[in-house]
Amino acid sequence: MEIKRKLWGRTGDGKPVYRYRLTNASGAYVVLCNIGAGIVSVNVPDKNGKLGDVVIGYGKPESYFYDGPCAGKCPGRYANRIAGGRFSLDGKEYTLPVNNGPNHLHGGPEGCQNKVWESRKHKGGVEFMYYFEDGEMGYPGNVKLIVRYEWSENNELRLTFTARSDRRTVVNFTNHAYFNLNGKGNILRHRLWLNSSEYLPTDDTLIPTGIPEMVSGTPMDFRKPKTLGRDIRKDFPALNYGKGYDACWCIDNYLPGQLQHCASLSSEVSGRVLKVYTTQPGIQVYTGNWLEGCPKGKRGAIYHDYSGVALECQHFPDSPNRSSFPSTVLTPGKTYKEAIIFAFSV
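First, a word on what this report is: a plain description of the structure on this page. Please read these numbers as outputs of a predicted model, since none were measured by experiment. (Residues numbered from 1 in each chain as written. Predicted model: local features only at pLDDT ≥ 70, side-chain atom pairs only at ≥ 80, totals over all residues. Heavy atoms only, no water.)

Before going further, it helps to examine the overall build of the chain. Each helix and strand counted, the chain has 1 helix and 26 strands in total. Here the C-alpha atoms of the chain give a radius of gyration of 19 Å, agreeing with the 20 Å that 2.2 N^0.38 yields for 346 residues. Structurally, the chain occupies a C-alpha span of about 60 × 50 × 40 Å along its principal axes. The proportion of buried residues among the 346 residues of the chain is 58%. Relative to all contacts within the chain whose residues are 6 or more apart in sequence, the contacts with residues 24 or more apart total 65%. Put simply, the chain shows about 14,200 Å² of open surface, and 48% of that area lies on carbon and sulfur atoms. For the chain, the centre of its 43 positive side-chain charges and the centre of its 33 negative side-chain charges are spaced 6 Å apart. (Helix = DSSP H or I, 4+ residues; strand = E, 2+ residues; numbered from the N terminus. Rg over C-alpha atoms; globule rule 2.2 N^0.38 Å. Buried < 20%, exposed > 50% of the residue type's maximum accessible area, 1.4 Å probe, protein only. Contact = heavy atoms within 4.5 Å. Areas by Shrake-Rupley, 256 points an atom, 1.4 Å probe, with all protein chains shown as cover. Lys, Arg positive; Asp, Glu negative; His and termini not counted. Charge placed at Lys NZ, Arg CZ, Asp CG, Glu CD.)

Relative to the elements of secondary structure, Ile39 occurs in strand 4 (residues 38-45). Look at Ile39 and you get buried, because its relative accessible area is 1%. C-alpha of Ile39 to C-alpha of Arg167: the two residues are 128 residues apart in sequence and 30 Å apart in space. Sequence-distant contacts of Ile39, that is, excluding residues within four places in its chain, are made with Val31, Leu32, Val55, Tyr64, Gly72, Tyr149, Leu157, Asn175, Ala177 and Phe342.

This brings us to the side chain of His190. Mapped onto the elements of the fold, His190 is located in the loop between strand 15 (178-179) and strand 16 (191-194). Contact partners of His190, with chain neighbours within four places excluded, come to Asn180, Leu181, Asn182, Lys226, Thr227, Leu228, Leu265, Ser266 and Ser267.

What follows concerns the sheet that holds strand 15. Reading across from one edge, 15-24-23-20-17-18 is the order of the 6 strands in this open sheet, with antiparallel pairing throughout. The sheet terminates laterally at strand 15 and strand 18 (213-214), the two strands that pair on one side only. Relative to strand 18, strand 17 (residues 198-199) runs antiparallel, the two being bridged by 2 bridges. When the bridges of strand 18 are listed, Glu198 appears paired with Met214. (Pairing = 2+ DSSP bridges.)

Let's shift gears to the packing of aromatic side chains. Within a pair of aromatic rings, the relevant descriptors are the distance that separates the centres and the angle that separates the planes. On inspection of all chains with the given rule, the structure shows 18 aromatic pairs. Here Tyr130 and Phe132 contribute two aromatic rings whose centre-to-centre distance is 4.7 Å and whose plane-to-plane angle is 75 degrees, an arrangement assigned as edge-to-face. Taken as a pair, Tyr130 and Phe132 share a single burial class, namely buried. Note on Phe179 and Phe344: the rings are 6.1 Å apart at their centroids and 55 degrees apart in plane angle, and the pair reads as tilted. Highlighted residues: Phe179 in strand 15 and Phe344 in strand 26 (residues 336-345), separated in sequence by 165 residues. Residue class for Phe179 comes out buried when judged on its relative accessible area of 1%. Residue classification places Phe344 among the buried positions, given a relative accessible area of 5%. The lysine or arginine in question, Arg19, covers the ring of Trp8, its NZ or CZ lying 5.0 Å from the ring centre. Between Lys226 and the ring centre of Phe222, over which it is positioned, the NZ or CZ distance is 4.5 Å. (Phe/Tyr/Trp six-rings, centres within 6.5 Å; stacked < 30°, edge-to-face > 60°. Lys NZ or Arg CZ within 6 Å of the ring centre and 35° of its normal.)

Okay, here's the thing in structure tokens:
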């Protein structure tokens, strides 16, 4: 495995922005950057052996700051939404900035996805570190987060999230890459399979009602592979709220710490297949419903709605306010550790 680091630019206050390129023996490669511990590109072969980039990303480092799509980055300290920007922990209420309608999203406007992280090559991978200060965006506790990426000879991109806190707090981490297995066009003809017989219904601001519902007989049923576009325009609350899919599915047979296959995405056009594995209890599927107008992409690409699909393995939205959901509380002396694998093949 060859790992090269290159200076990509500097922020206004002089912080260096680095790109890391991880290339395996076959020539397939991944590019990462230290803004939000982000995935800039994933270049893997199609059915004809031709390498192509299957991830949405930008041509300039400055485009990664405060972009609406959060393209490729690791948001936090709480990925997804917290209702009303409020939660209670140990009898104390915490107030968070509201930045998505009436709700708090992805750790707030100054979440770690909009920060330059410490970074290094380390033991065959790349590690990014961010230190959340006590009170940052309203959250309690100093939290040290390390995101480690490894790229295998079999075209598997492994992410490991490790965090520790000096106070009881809440955390939820994921990666927000958008995939397009054709490298261009929209993803409505991509086929998706999910290992999920339940999803989380929400209100019209995408906050879960708290009671999972069966996918059977609804457009949310991906237990048998189907194209993303087949039901996307159906008259169904979860689709009407977001102009497409933007919901969290409960992964069947979830066990904390156990890695399992939760999703498969494929394209007949390119022949590429993406299998997703995770230790997390949920997967938020977002079909890029609002990508129009985002920053210009790599090689001058212009992205439109449905140009990519995000498969965000995570704990459930609004878990700090839902005692019935798997807990997102991190306690001093305990280590948060979760993993995601994006495995590419043809």
